[in-house]
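So the chains spell out like this:
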Amino acid sequence: RMANCWTRRGPGRAMASERAKISPDLVQHIMQYAWELRVAETPAGADGDTTSSAKKKFPVKDEAVVATAEVLRLFAEEITARAAETAIMDGDDTVDGGHLERILPQLMLDFAT
């Protein structure tokens, strides 16, 4: 089921070369920020110094960052497509928060499987 939702193309869907991309640098910065927050919230452990651990670079390979950026791009593309389809079925020409709220439960189930 998951493969179908990622590969379907409807009117107006861009080809791969025309798609917007999510910057791997942005993803790296987000990962680093989340890492620093998590370390800062963790009580001092055996090493005793969480400050120096938080400032270290998040240990992730470049390939993993690129793959994460692609997964996020696909997720955003699917959210946009499903919300737009819901808006069209409702006769609306603008996607609003209500359309997103209606598609998110099924999207999360599809994404998790």
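Everything below is about the structure printed above this text.
Residues numbered from 1 in each chain as written. Predicted model: local features only at pLDDT ≥ 70, side-chain atom pairs only at ≥ 80, totals over all residues. Heavy atoms only, no water.

Colleague: Would you take a moment to explain the pattern of salt bridges for this structure?
Modeller: What the rule picks out here adds up to 5 salt bridges. Its salt-bridge partner being Glu70, residue Arg73 comes within 2.7 Å of it at the nearest N-O pair. Here Arg73 and its partner Glu70 are both found in helix H4 (residues 62-89), 3 residues apart, which amounts to about one turn of the helix. Relative accessible area serves as the criterion here: at 9%, Arg73 is assigned to the buried category. When the shortest N-O distance is used, the salt bridge between Arg73 and Glu77 registers 2.9 Å. Taken together, the residues span about one helical turn, with Arg73 and Glu77 both in helix H4 at a distance of 4 residues. When sorted by exposure, Arg73 lands in the same class as Glu77, which is buried. Each of Glu70, Arg73 and Glu77 takes part in a single network of salt bridges with overlapping partners. (Salt bridge = Lys/Arg side-chain N within 4 Å of Asp/Glu carboxyl O. Helix = DSSP H or I, 4+ residues; strand = E, 2+ residues; numbered from the N terminus. Buried < 20%, exposed > 50% of the residue type's maximum accessible area, 1.4 Å probe, protein only.)

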